[in-house]
Amino acid sequence: MTSLRLPTADRSIETYTLTGRPPELARRRAADFPRIAYAAAHVVADPLATYDPWLEPAIDWDRTLAFRHRLWDLGLGVAEAMDTAQRGMGLSWTDARDLIRRALAEAKSRDDALIACGAGTDHLAPSPAVTVDDVIRAYEEQVAFVEGHGGRIILMASRALAAAAKGPDDYARVYGRILSQVRQPVIIHWLGEMFDPALAGYWGSADHDAAMDTCLAILTDHAAKVDGIKISLLSKEKEISMRRRLPAGVRMYTGDDFNYAELIRGDKAGHSDALLGIFDAIAPAASAGLAALGRSDERAFFDILEPTVPLSRHIFRAPTRFYKTGVVFLAWLNGLQDHFVMVGGQESARSVQHLAELFRLADKANALTDPDLAAGRMGRLLSVHGIG
């Protein structure tokens, strides 16, 4: 068995022996699953580019697109240019357009690719001068780009709208205008303030229950133009409450990276589909678990996915907006990219103690596809931090 020396919370060093099993890697199709399941995919940085990492992104397009093919090969959909791709947190709308264009072209090269793309207002910098009409025009520009390339829309939450709106009526006006124009039903994304502090008070209220009422009224008024809503509030109770109140035909896509297994399984009153950042990191387990659920083998579904929940809760621990660091770190450990470098230099957003615990939890979750490779890479990272 493979062992290495890892730091502990009390600043000592322990010898840790890996015990996990490599995850099953089987080719599947989205149609094999009883739930729609999107993985919000990360981008792979290019560490050899000549650039200023904190000021501009450099993207390795070959590895970024290869990762999307891996998700499709496992039967998962790709939620493109979302916050997992560091959208608005290192990845600008200019870069997101290039990513969306390239990813949609790759999707068209195969017959089993499920993909939807984020359209928001991140090219509109929030300021006191920004009006609700400016937000509408910004949304229209991004929606037109995605639809012009044949893509389906994930309508992302808007920092500019959160800053400009005076109350719920402004949200109803903006979403009503955009939904009246879209070509096909969209997924609306309610991203909580734990993921992005600039989105506090979304839907016109700091109280999530009041905000939910506003959101549900908009969904009801425009149900024909809404495929579903993804909520990322890290509260299974709030998600279930909203799920039970959705208008007929509107799906709930869980964005709860703390409780996804039980929400996807569901209850007698319904279930959630999935649009999750953690599915980027645990794609083989997500694929195998959904296949088991498709066989009505709930025991296998939970046996596969429940061990990944502690890993996910660690990756998404507060400050939650830094979860992308853990997602990319795990991609590096698993050999899906050759380096641990991120857009915006965000590989520095988590401590070496955090990454060491992530390694332990990934092993216990059976999320390391090549344990020897992962241990070797972890060891090299620790040596850079003076841990031999």
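Structure: see above.
Residues numbered from 1 in each chain as written. Predicted model: local features only at pLDDT ≥ 70, side-chain atom pairs only at ≥ 80, totals over all residues. Heavy atoms only, no water.

### Remarks on the overall build of the protein
Piece 1. On a plain count of helices and strands, the protein comes out with 15 helices and 10 strands.
Piece 2. In terms of overall dimensions, the protein is globule-like: its C-alpha atoms have a radius of gyration of 20 Å, near the 21 Å expected for 388 residues.
Piece 3. Seen through its principal axes, the protein has C-alpha atoms that stretch 60 × 50 × 45 Å.
Piece 4. When burial is assessed residue by residue, the protein has 57% of its 388 residues classed as buried.
Piece 5. Looking at the protein alone, contacts between residues at least 24 apart form 69% of all its contacts between residues at least 6 apart.
Piece 6. Split by element, the accessible area of the protein, about 15,300 Å² in all, is 50% carbon and sulfur.
Piece 7. The distance from the centre of the 44 positive side-chain charges to the centre of the 50 negative ones in the protein is 2 Å. (Helix = DSSP H or I, 4+ residues; strand = E, 2+ residues; numbered from the N terminus. Rg over C-alpha atoms; globule rule 2.2 N^0.38 Å. Buried < 20%, exposed > 50% of the residue type's maximum accessible area, 1.4 Å probe, protein only. Contact = heavy atoms within 4.5 Å. Areas by Shrake-Rupley, 256 points an atom, 1.4 Å probe, with all protein chains shown as cover. Lys, Arg positive; Asp, Glu negative; His and termini not counted. Charge placed at Lys NZ, Arg CZ, Asp CG, Glu CD.)

### Some words on the environment of Ala 210
Piece 1. Mapped onto the secondary structure, Ala 210 falls in helix α6 (residues 208–221).
Piece 2. Here Ala 210 falls in the partly exposed class, since its relative accessible area comes to 31%.
Piece 3. Taking the C-alpha atoms as reference points, Ala 210 and Ala 362, 152 residues apart in sequence, are found 38 Å from one another.

### Details of the pairing of strand β7 (residues 186–191)
Piece 1. Taken across its 6 residues, β7 has 6 buried, putting it largely inside the fold.
Piece 2. Covered by surrounding structure in β7 are Val 186, Ile 188 and Trp 190 together with Ile 187, His 189 and Leu 191, the residues of both alternating faces.
Piece 3. The sheet contact formed by strand β6 (residues 153–155) and β7 spans 2 bridges and is parallel. Within β7, the position partnered with Leu 155 by the bridge is Ile 188.
Piece 4. Inspection of the sheet shows β7 paired to strand β8 (residues 226–232) by 6 bridges, in the parallel sense. In the strand pairing of β8, Leu 191 is matched with Ser 232. (Pairing = 2+ DSSP bridges.)

### A word on the packing of aromatic side chains
Piece 1. The full count for this structure, using the stated rule, is 17 aromatic pairs.
Piece 2. Between Trp 190 and Trp 203, the aromatic rings sit 6.2 Å apart at their centres with planes inclined by 85°, giving edge-to-face as the arrangement. Taken together, the residues Trp 190 in strand β7 and Trp 203 in the loop between β7 and α6 connect sequence positions 13 residues apart. Exposure class is identical for Trp 190 and Trp 203. Each is buried.
Piece 3. Between Phe 329 and Trp 332, the ring centres sit 6.0 Å apart and the planes meet at 45°, which makes this aromatic pair tilted. With Phe 329 and Trp 332 both in helix α13 (residues 323–333) and 3 residues apart, the pair spans about one turn of that helix.
Piece 4. Ring-pair connections join several aromatic residues into one group, and the members of that group are Tyr 139, Tyr 171, Tyr 175, Trp 190, Tyr 202 and Trp 203. (Phe/Tyr/Trp six-rings, centres within 6.5 Å; stacked < 30°, edge-to-face > 60°.)

### Quick look at helix α10 (residues 283–294)
Residue pairs spaced three or four apart in an α-helix point in one direction, given the helix's 3.6 residues per turn.
Piece 1. For α10, built from 12 residues, the straight-helix expectation of 16 Å at 1.5 Å per residue is met to within 8% by its first-to-last C-alpha distance of 16 Å.
Piece 2. Here α10 lies mainly inside the structure; 11 of its 12 residues are buried.
Piece 3. Ala 283, Pro 284, Ala 285, Ala 286, Ser 287, Ala 288, Gly 289, Leu 290, Ala 291, Ala 292 and Leu 293 are the residues of α10 that are buried.
Piece 4. For α10, the elements touching its buried residues are β3 (37–40), α1 (61–73), α8 (260–265), α9 (278–281), α11 (298–305) and α12 (308–315). (Expected span 1.5 Å × (residues − 1).)

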